[in-house]
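Here are the chains, one letter per residue:
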Amino acid sequence: MARPCWRIGFWLASALALSLNGACGGSSDTPASDAGRDVKPAPSDGGDDAASPDVRRDAASDTTEKDATATDAVDALAADCMTGPSGEPTELRCSGLYADWASKTVASDVRQYDPGLHLWSDGASKTRWIYLPPGTKIDSSNMDQWTFSPGTKVWKEFVVGGVRIETRLIWKRPSGAWYLTTYRWSADGTSTTELLTGELDADGNGYEVPTQGACHDCHDGRIDSILGFEAVALSSPQASGVTMATLTAGNLLTDPPASPITIPGNATAAAALGYLHMNCGTSCHNGDTGEAGYTGLLMRLDVATLASVQTTNTWTTGVGVNALFQVAGLADPSPLIFAPCDPDDSAAYYRMDHRDDVDGTPEGTQMPPEVTHKVDTDGVAMIAAWLNGLSQCGTTTAAP
């Protein structure tokens, strides 16, 4: 099951000894005693920042950050809709996504988008929507960390084998606190129920619905919680629906980019950097609030670093850098994180290409570290193609 990276007190003592350089991994000076998990020291309150003035987390179990009145409840609920302890709708039909539940007609003020760069979700297909409160703008003064107005909602629907499994909601409440939750679809697809505890085998084939706490493990890596709706992804050629171009044209950004945001390098390099950005950097391996930021391995594509492949954080902190995490399956006892021309001896590549407890893989090897039980073979192939195509490899189609 999902194992939060740093909130469980039992793991705290081993966090400082972590040695994790790899895809969605990191490094330290000594071998990890927690089987290689990415862990950072927890705050003195156990990682629950709900009591702080700058509230970002809002789980159903939080008792220190509750709304005083019913005004901090979901917008215009139907008379038969129920709310949970944090004012959240307990059914998806009451969340504002649909204008008509029976026909699944999406509300006119909710806009579909595809960020172009995708997080691997064990093969699930996903549909995404966003609601931006009327008259508001996204604060894009920090292009790497957008801030959204209270009332903003993002939904993501997961379909596995043609069947709706879950729809996740991220809602910035009027108080400014974020509420993250999941709605589990019934087998016949006619109803949903809020699911906070997660489900390890939701489809009978190992697809995991995360716990509410596991959602925070990733989303707390952003200053304002939303992961995929961000500058680099929405600027990619593959983005559709709501994109950087439509946001700029609609005057929905406080500070639109002065020039196009482009991932550097040829198609092979750009694909690899974009994959690592979305699967590792936006949530975990970044220098802001990502749980693996303290390791020094940074894979978020910060806008100011996009002059070339070699100026990106992924290159400067990962390519040719020693990985202190000991990978049992590699012949080299001191591999590089990303080894040019040699993906098979790259710690990051190895960890992406394995899953814990499968074919003898030790616990704590895989990356990303939770809520995935299958290897993304296409993603792994992207990284291999990039490393094998680097200029020093002597190939005719060398990637910068």
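Provided above is the structure to which this section pertains.
One structure accompanies this document, and this report is about it.

Rules used throughout
- The residue count restarts for each chain, going from 1 along the sequence in the order it is written.
- Only residues with pLDDT of 70 or above have their local features reported here, since the model is predicted, and side-chain atom pairs are shown and tallied only from 80 upward, although totals for entire chains, interfaces and linings are computed over all residues.
- The basis for the side-chain values is all heavy atoms of the structure; hydrogens and waters are excluded.
- Here a helix means four or more residues in a row that DSSP labels H or I, a strand means two or more in a row labelled E, and each is numbered from the N terminus.
- When a residue's accessible area, from a 1.4 Å probe over protein chains only, is under 20% of the maximum for its type it is buried; when over 50% it is exposed; and in between it is partly exposed.
- A 1.4 Å probe and the Shrake-Rupley method give the accessible areas. Residues count as covered only by the protein chains that appear here.
- A pair of cysteine sulfur atoms is labelled a disulfide when the two atoms are within 2.5 Å.
- Here a cavity is any set of points on a 1 Å grid over the protein atoms alone where a 1.4 Å probe fits but cannot get out, and a pocket is any open set with protein on both sides within 12 Å along at least 5 of 7 lines; a residue lines the site when it has an atom within 4 Å of a point.
- Grid points are joined across faces, edges and corners, and a volume is the space filled by probe spheres set on the points.
- Paired strands, as defined in this entry, are two strands with at least two bridges between them according to DSSP.
- For this analysis, residues touch if any pair of their heavy atoms sits within 4.5 Å.
- Lines are fitted to the C-alpha atoms to define the axes, a helix being fitted only along its stretch in contact, and any angle between axes, read from their N-to-C directions, falls within 0 to 180 degrees.
- Lys, Arg, Asp and Glu make up the charged group, whereas Ala, Val, Leu, Ile, Met, Phe, Trp, Tyr, Cys and Pro make up the nonpolar group; the residues left over, Gly among them, are polar.
- To sort the angles, those under 35 degrees are grouped as roughly parallel, those over 145 as roughly antiparallel, those from 65 to 115 as roughly perpendicular, and the leftovers as oblique.
- The crossing is said to be left-handed when, going from far helix to near helix, the turn is anticlockwise and less than a right angle, and right-handed when the turn is clockwise.
- For this analysis, a nonpolar core means a set of buried residues of the types Ala, Val, Leu, Ile, Met, Phe, Trp, Tyr and Cys, connected via side-chain atoms within 4.5 Å.

### Considerations on the overall build of the chain
When helices and strands are counted, the chain shows 8 helices and 9 strands. Out of the 400 residues in the chain, the part that is buried amounts to 55%. Here the chain has roughly 16,000 Å² of accessible surface; of this, 55% comes from carbon and sulfur atoms.

### Structural notes on the state of the cysteines
Per the counting criterion, the structure on display carries 2 disulfides. Shown here is the disulfide that connects cysteine 81 with cysteine 94, its sulfur atoms set 1.9 Å apart. Here cysteine 81 and cysteine 94 share a disulfide; its torsion about the S-S bond, -80°, makes the bridge left-handed. Of this pair, cysteine 81 sits in the loop between helix H1 (12–15) and strand E1 (98–100) while cysteine 94 sits in the loop between H1 and E1, placing them 13 residues apart in sequence. Put simply, cysteine 341 and cysteine 393 are joined by a disulfide, and their sulfur atoms are 2.0 Å apart. Around the S-S axis, the bridge from cysteine 341 to cysteine 393 shows a dihedral of about -100° and counts as left-handed.

### Examining the layout of surface pockets
Put simply, the largest pocket is a space of about 540 Å³. Surrounding the largest pocket, 28 residues form its lining, Gly116, Leu117, His118, Tyr275 and Met382 being those nearest its centre. Mapped onto the lining of the largest pocket, the elements with two or more residues apiece are strand E4 (125–131), helix H5 (267–281) and helix H8 (377–388). With 5 residues, the single largest contributor to the lining of the largest pocket is H5.

### A look at the sheet that holds strand E8 (residues 192–194)
Paired through their backbone hydrogen bonds, the strands of a sheet run either parallel or antiparallel. Spatially, the 7 strands line up as an open sheet ordered E8-E7-E6-E5-E4-E3-E9, and their pairing is antiparallel. Each edge of the open sheet is held by one strand with a lone partner, namely E8 and strand E9 (240–241). Strands in contact with helix H2 (residues 212–219) are strand E6 (163–172) and strand E7 (178–185); relative to E7, the strand with the most contacts, it is inclined by about 130°.

### Topic: empty space enclosed by the protein
Tallying each qualifying case throughout the model produces 4 cavities of 30 Å³ or more. Taken as a whole, the largest cavity spans an internal volume of roughly 760 Å³. Lining the largest cavity are 44 residues; nearest its centre among them are Leu119, Lys156, Arg168, Cys218 and Leu227. Mapped onto the lining of the largest cavity, the elements with two or more residues apiece are E4, strand E5 (153–160), E6, E7, H2 and H5. Ranked by residues supplied to the lining of the largest cavity, first place goes to H2 with 5 residues. Per-class residue counts for the lining of the largest cavity are 26 nonpolar, 9 polar and 9 charged.

### What to know about the pairing of E4
When you tally the buried positions in E4, you get 5 out of 7 residues, the bulk of the element. Two elements, strand E3 (residues 111–114) and E4, share 3 bridges in a ladder whose sense is antiparallel. In the sheet register, arginine 111 faces E4, and the bridge partner there is isoleucine 130. Two strands pair when backbone bridges link them, and E4 and E5 are joined in this way by 7 bridges, in the antiparallel orientation.

### Some thoughts on the environment of methionine 367
If you trace the backbone, methionine 367 turns up in the loop between helix H7 (347–352) and H8. Once the C-alpha coordinates of methionine 367 and asparagine 279 are considered, the two residues, 88 residues apart in sequence, prove to be 9.4 Å apart.

### Topic: the pairing of E6
Note on strand geometry: in a regular strand, side chains alternate between the two faces of the sheet. In terms of residue burial, E6 counts as a mostly covered element, since 8 of its 10 residues are buried. Hairpin connection of E5 to E6: 2 residues between the antiparallel strands, including glycine 161 at a positive phi of 60°. The pairing of E6 with E7 spans 7 bridges and is classified as antiparallel. Counted as the bridge partner of glutamate 166 is arginine 184 from E7.

### So, H2
H2 sits mainly inside the fold: 6 of its 8 residues count as buried. Residues of H2 that are buried include every one of Gln212, Ala214, Cys215, His216, Asp217 and His219, and no others. Each element contacted by the buried residues of H2 is listed here: E6 and E7.

### Concerning the packing of H5 against H8
Relative orientation of the contacting elements H5 and H8 amounts to 130°, with a least axis distance of 9 Å. As summarised for this structure, H5 and H8 are arranged oblique, according to the angle between their axes. The two elements H5 and H8 meet at a crossing, and its hand is left-handed. Residues Thr268, Ala269, Ala271, Ala272, Leu273, Tyr275 and Leu276 of H5 lie in contact with H8, whose contacting residues are Gly379, Met382, Ile383, Ala385 and Trp386. Tallied by class, residues from the contact of H5 with H8 come to 10 nonpolar, 2 polar and no charged.

### Comments concerning the nonpolar core
Counting residues in each nonpolar core, the largest one holds 58 residues, and the members touching the most others are Trp146, Phe229, Leu247, Leu276, Phe338, Ile383 and Trp386. Residue assignment for this core shows that the elements contributing at least two residues are E7, helix H3 (231–234), helix H4 (244–249), H5, H7 and H8. Broken down by element, the residue count for this core peaks at 8 residues, all from H5. The residues touching leucine 276, leaving out its near neighbours within four places in the chain, are Gly281, Met299, Thr314, Phe338, Met352, Ile383 and Trp386. By size, the runner-up hydrophobic cluster in this structure holds 14 residues, among which are Leu92, Leu97, Trp129 and Tyr131.

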